[in-house]
Amino acid sequence: MPATAAVMPMSDEPTDPQPDGGTASQPATEDPEEIEKHPLEWDEPANNDKAPDERKSVSRPAEKDDDRKLVTGQAKYTADYEERFPGLAHAEVVRSEVPHGRVTAVETDEAASMDGVHAVLTPWSDDVPDAKYTSAGQSYPEPSPWDMTVLNEHVRYVGDPVAAVAAEDRQTAAAAADAIEVEYEAYDHVVDPEEAFDEDAPRLFEDDEVENEIVGHDYERNRMSNIEGEIGNVDAAAYTDEDDRQVLITSTQVPNHTRRQLAHLFDVPIRDIRVKKPRVGGGFGGKQAMVVEPIPLALSLAADRPVIYEASRDEEFGAMRSRHPMTVRARTAVTDDGGIEAIDLYALSNTGAYGSHGMTVAGNVGSKPMPLYSKVPNARFEADIVHTNTPQTGAMRGYGAPQGTLALEGHLDEVARDLGFDPIEFRRDHYMEVGDLDEIAGMMGGEGAERRIRSCGLDECIERGKEAVGWDEVEQPEKDHLHRGIGMALSAQGTGVAGDELGAAQIMMNEDGSFHLQVGGVDIGTGADTAFIQIATEVLGCDERDIVVKSSDTDNTPFDYGAYASSTTYISGMAVKKAAEDAKERILDWASRMLDEPAEDLEAAGGEVYSEETGESVTLEDVGYESVYGHDDREHILGKGTHSTEESPPPFAAQFADVTVDERTGEFEVHELVVAVDCGVAINPGMAEGQVEGANHMSYEMAVSEGITVDEQGRAEVSDFDEYGLPSATETPPIESILVETHEPTGPFGAKSVAEVPTNTVPPALSNAVREAVGVRVTEMPITAEKIEAALDEE
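Basis of the calculations
Residues numbered from 1 in each chain as written. Predicted model: local features only at pLDDT ≥ 70, side-chain atom pairs only at ≥ 80, totals over all residues. Heavy atoms only, no water. Helix = DSSP H or I, 4+ residues; strand = E, 2+ residues; numbered from the N terminus. Rg over C-alpha atoms; globule rule 2.2 N^0.38 Å. Buried < 20%, exposed > 50% of the residue type's maximum accessible area, 1.4 Å probe, protein only. Areas by Shrake-Rupley, 256 points an atom, 1.4 Å probe, with all protein chains shown as cover. Expected span 1.5 Å × (residues − 1). pLDDT = per-residue confidence, 0-100. Contact = heavy atoms within 4.5 Å. Polar contact = N/O pair within 3.5 Å; in protein donor to acceptor, adjacent residues only side chain to side chain. Salt bridge = Lys/Arg side-chain N within 4 Å of Asp/Glu carboxyl O. Phe/Tyr/Trp six-rings, centres within 6.5 Å; stacked < 30°, edge-to-face > 60°. Pairing = 2+ DSSP bridges. Axes fitted to C-alpha atoms, helices over the stretch in contact; angles between N-to-C directions. Core = buried A, V, L, I, M, F, W, Y, C linked by side-chain atoms within 4.5 Å. Arc of directions from axis to C-beta.

## Considerations on the overall build of the protein
Moving on, step 1. Secondary structure summary: the protein contains 19 helices and 29 strands in total.
Moving on, step 2. A compact globule built from 795 residues would reach a C-alpha radius of gyration of about 28 Å, and the protein, at 27 Å, matches this within 12%.
Moving on, step 3. Taken along the three principal axes of its C-alpha coordinates, the protein extends 85 × 75 × 50 Å.
Moving on, step 4. Counting all 795 residues of the protein, 60% fall into the buried class.
Moving on, step 5. Carbon and sulfur atoms make up 43% of the accessible area of the protein, which totals about 30,600 Å².

Set out below in structure tokens:
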């Protein structure tokens, strides 16, 4: 969905808002124990978990909480608020037409004089803050430089915002924007990261244009950051309420981070900013950023009315956020008998015009794929993050891991072939297993960041994937010019950011035995709200229909860092589990009085609390009424839970790709993709399979589609999905997803993450499959017939 933002009065707000794809700002009114890091007993459930045959809700199919709203059109996205707010103004942004330069003049008289125009802003307008900020939706202090301003005098890519208008309708806003004339002093520009790193390249940032600089920066060489680590020796929208507070309804993954960043940028207390996430429809990292919210908020202040901003499709491709382009080089030291003695990875990352997520994404190039081979004694990783005059980059599903996985898994496959080893067995001798200490995480994260591996299903992932794809039974086509091959790749990810996550939840019992669950965790289409309901249901012993969940409103739900790093079920879900356990303790206490039985002899299931000794029971409804209307010491049963942890258990994936290649033309057909994933205990297997298949489709897209390319001016050459080359349903091979259940003792009911790890694996597996089929390797994505043919000709 396009990014949108709106500012509007809360008194006119719909009663059940669930918008998506944008940002809106409005005035606010009232709406009606740390886990130890030592190895655990592997065969014993932790955190009061239940054995598989005892689970009633968790690890069972359940209808997604919002499915019916989505298929009936009742779900509300940000843009759906438009008709609800009289006087709502529409925003339009004027963007730079040069890749690098300085705005010397902005002629706004004609635009400002148009009927229906409420506000026109330029970099020098009083309502535009001159504070610097980062758009990255990360915890505080953000590990990204503050190098952006709301509107820019110094422009750094085609698409940088330089002016904005608010008008009574879209047509007037567009006409006013077209009437604004901008004059530039053009500077030399650079679009290639290798050239940008050269001492003679044009400089994108002066020293006084950046605050909160990141380690290793060298802006004289356009380097935003340099990071390295070594083990051993290698050699949206806004409006103001009646309390004069700013309210934004915005399509975001990080409501609380956005609130904090807006308060900083506009120099107001955090209490005066409210951020509400409606239905998002999809985030994938692109909305883990304050992408558009400052502009409609500034326009709302200038126009003194609600403002909505909805980005065009052209803006989405050229001015929002995309994955970081990178060049990654891998080296290994390997003995003749196949022992890997050292792994060395280097990444050159193109962060584009600004540094949002630049260092942390580059860090994941090493910190995600390298720990998979924890038995290798020596490891080194280094990355340079460089600015160019190209569109902004940001968070994207996988967050650096796809780039690193492509390089390392392709390299290891090539080494195995050179030495005559089976590529699976070559990897098997070196990858991590239960009980291992992941020291590479410490290498990248600092002292104390090492991970103890408490769950690992890699062996089963490999064996089930091999069987499903027919690894040992490859039949070659009858025609001599066609060759079939199966390639594979392994991947590991993380579950949240170790030591840098926080989730909170509160659950309230109603007198009829139903519950209201308030949680800060952000559902961006993944089904997180449904998982929260299942977790709470498993603890409370109620029906899933008896829990109403409300999430992601900074005024009315608890704090949460947001939906990123595959953390939601693991972090926010554990907070929900703790809140439900807290409420359950009070429920059992009341039932104990009612049944005259010790609370420790009671259990809740099937909507009842019963005695395991006598079989006597009371319903949850009985308890609800008794607690609020019965004894003199009445209470409203509430449960609260907060969760943070130093842990980040890795999920694992084994990917297989089956391909036939025509040696004459390089054309290829992918017959099947098989991916087996260890995600711990799947809270909802159906939703987990959907995440795996969606991630694998995105991974396939990276492998075969051009994506966003830029011309010599750094301008995006893609403006719609036809040009982007997204594989359609008929162009996508069958994807078989396999869930391998392990038990992660640090997660809720044994769960860990699932949504990102299958994003990393198709490019290396497909590259390895082509190599197996016709003996040539494509190392630069996408894999195309032209590249294969060229490699065959060169061979």
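## Side note on helix 16 (residues 685–704)
Moving on, step 1. For helix 16, spanning 20 residues, the distance from its first C-alpha to its last is 28 Å, which sits close to the expected 28 Å at 1.5 Å a residue.
Moving on, step 2. Three or more residues of helix 16 are buried, namely Met687, Ala688, Gln691, Val692, Ala695, Asn696, Met698, Ser699, Tyr700, Glu701, Met702 and Ala703.

## Considerations on the confidence of the model for the protein
Moving on, step 1. The predicted model of the protein has a mean per-residue pLDDT of 90, with 93% of residues at 70 or higher.
Moving on, step 2. Low pLDDT, under 50, characterises residues 7–22; the predicted model gives this stretch 109 contacts beyond four residues in sequence or across chains.
Moving on, step 3. Counted against residues more than four places away or in other chains, residues 24–45, with its pLDDT under 50, gives 98 contacts.

## As for the environment of His411
Moving on, step 1. Position of His411 relative to the elements: it lies in helix 9 (residues 401–419).
Moving on, step 2. Along the backbone, His411 and Thr332 are 79 residues apart, and their C-alpha atoms lie at a distance of 8.4 Å.

## Describing the side chain of Asn222
Moving on, step 1. Mapped onto the elements, Asn222 comes out in the loop between helix 4 (193–196) and strand 9 (223–231).
Moving on, step 2. In terms of polar contacts, Asn222 uses its side chain to reach the backbone carbonyl oxygen of Pro202, at 2.9 Å.
Moving on, step 3. Beyond its immediate sequence surroundings of up to four residues, Asn222 is in contact with Ala196, Ala201, Pro202, Arg203, Leu204, Ile385, Val386 and His387.

## Comments concerning the pattern of salt bridges
Moving on, step 1. Under the counting rule described, the total for this entry stands at 46 salt bridges.
Moving on, step 2. Here Arg223 ties to Asp384 by a salt bridge, and the two come within 3.2 Å at their closest N and O atoms. The residues Arg223 and Asp384 share a single accessibility class, namely buried.
Moving on, step 3. For the salt bridge of Asp344 with Arg380, the shortest nitrogen-to-oxygen distance reads 3.0 Å.

## Details of the packing of aromatic side chains
Moving on, step 1. According to the stated counting rule, one finds ten aromatic pairs in the structure shown.
Moving on, step 2. Relative to Phe721, the ring of Phe317 lies with its centre 5.5 Å away and its plane at 80°, an arrangement referred to as edge-to-face. Of the two residues, Phe317 is situated in helix 7 (residues 313–319) and Phe721 in helix 17 (residues 721–724); the sequence distance between them amounts to 404 residues.
Moving on, step 3. Look at Phe317 and you get buried, because its relative accessible area is 9%.
Moving on, step 4. Look at Trp471 and Phe656: their rings are 5.8 Å apart centre to centre, the planes differ by 75°, and that puts the pair in the edge-to-face class. Placement of Trp471 in the loop between helix 12 (458–469) and strand 19 (482–492) and of Phe656 in strand 27 (residues 652–662) is noted, with a sequence separation of 185 residues between them.
Moving on, step 5. Classification of Trp471 by relative accessible area gives buried; the value is 14%.
Moving on, step 6. The buried category is assigned to Phe656, whose relative accessible area is 0%.
Moving on, step 7. Here the aromatic cluster, defined as three or more aromatic residues joined through ring pairs, consists of Tyr157, Phe205, Tyr219 and Tyr354.

## A few points about the sheet that holds strand 14 (residues 326–334)
Moving on, step 1. Here four strands make up an open sheet; going across it, the order is 9-16-15-14 and the pairing mixed. Where the open sheet ends on each side, the last strands, each with one partner, are strand 9 and strand 14. For this sheet the average axis-to-axis angle between neighbouring strands, irrespective of direction, equals 5°.
Moving on, step 2. Bridge count for strand 9 against strand 16 (residues 378–387) is eight bridges, and the pairing is antiparallel. Considered in strand 16, the bridge of Glu230 is made with Arg380.
Moving on, step 3. Against the sheet, helix 8 (residues 358–367) makes contact with strand 9, strand 14, strand 15 (340–352) and strand 16, and its axis sits at roughly 150° relative to strand 16, the strand it touches most.

## Examining the sheet that holds strand 22 (residues 547–551)
Moving on, step 1. The sheet built from four strands is open, its strands ordered 22-21-20-26 with mixed pairing. Sheet topology places strand 22 and strand 26 (638–643) at the edges, where each strand pairs with a single neighbour. Adjacent strand axes in the sheet meet at a mean angle of 15° when their direction is disregarded.
Moving on, step 2. Contacts from helix 14 (residues 568–595) reach strand 20 (503–509), strand 21 (515–519) and strand 26, with the element oriented near 150° to strand 26.

## What about the environment of Glu213?
Moving on, step 1. Residue placement: Glu213 occurs in the loop between helix 4 and strand 9.
Moving on, step 2. Taking the C-alpha atoms as reference, Glu213 lies 26 Å from Ala186; in sequence the two are 27 residues apart.
Moving on, step 3. Those residues in contact with Glu213 that sit more than four places away from it in its chain are Asp207 and Tyr219.

## Topic: the side chain of Thr122
Moving on, step 1. Structurally, Thr122 is set in the loop between strand 5 (117–121) and strand 6 (154–155).
Moving on, step 2. If we ignore the near neighbours within four places in the chain, the residues touching Thr122 are Val106, Thr108, Val128, Leu151 and Val162.

## Quick word on the environment of Ala163
Moving on, step 1. Mapped onto the secondary structure, Ala163 falls in strand 7 (residues 161–167).
Moving on, step 2. Among the residues examined, Ala163 registers a relative accessible area of 0% and is labelled buried.
Moving on, step 3. With 103 residues separating them along the chain, Ala163 and Arg60 place their C-alpha atoms 52 Å apart.
Moving on, step 4. Residues within four places of Ala163 in sequence aside, it is in contact with Glu92, Val93, Val94, Leu121, Leu151 and Ile180.

## Here's the deal with the nonpolar core
Moving on, step 1. Ranked by size, the top nonpolar core spans 99 residues in total, and within it Leu299, Tyr373, Phe381, Leu490 and Phe656 carry the most contacts.
Moving on, step 2. Beyond its immediate stretch of four places on either side in the chain, Leu490 contacts Leu372, Tyr373, Thr405, Glu409, Arg427, Tyr431, Leu458, Ile462, Ala653, Ala654 and Thr761.
Moving on, step 3. By size, the runner-up hydrophobic cluster in this structure holds 40 residues, among which are Ala531, Ala536, Leu540 and Val549.

## Considering helix 3 (residues 170–179)
Moving on, step 1. Of all the residues in helix 3, the buried ones are Thr172, Ala173, Ala176, Ala177 and Ala179. In an axial view of helix 3, the angular spread of the buried residues amounts to 160°, which keeps them on one side of the axis. Turned more than 90 degrees away from the buried face of helix 3, the exposed residues are Gln171 and Asp178.
Moving on, step 2. In this structure, the buried residues of helix 3 make contact with strand 3 (89–95), strand 4 (101–107), helix 2 (109–112), strand 5, strand 7 and strand 8 (181–186).
Moving on, step 3. Its side-chain oxygen at 3.3 Å from the backbone nitrogen of Gln171, Asp169 defines the N-terminal cap of helix 3.

## As for the pairing of strand 28 (residues 668–678)
Consecutive side chains of a regular strand alternate in pointing toward one face of the sheet and then the other.
Moving on, step 1. The buried fraction of strand 28 amounts to eight of the eleven residues, a majority that puts the element mostly inside the structure.
Moving on, step 2. As judged from the ten bridges shared by strand 27 and strand 28, these two strands associate in the antiparallel manner. Bridge pairing in strand 28 links Gln655 to Val675.
Moving on, step 3. Count of turn residues in the strand 27/strand 28 antiparallel hairpin: five residues, of which Gly666 carries a positive phi of about 80°.
Moving on, step 4. Alignment of strand 28 against strand 29 (residues 735–740), held across six bridges, turns out to be parallel. Paired with Val674 across the two strands is Glu736, which belongs to strand 29.

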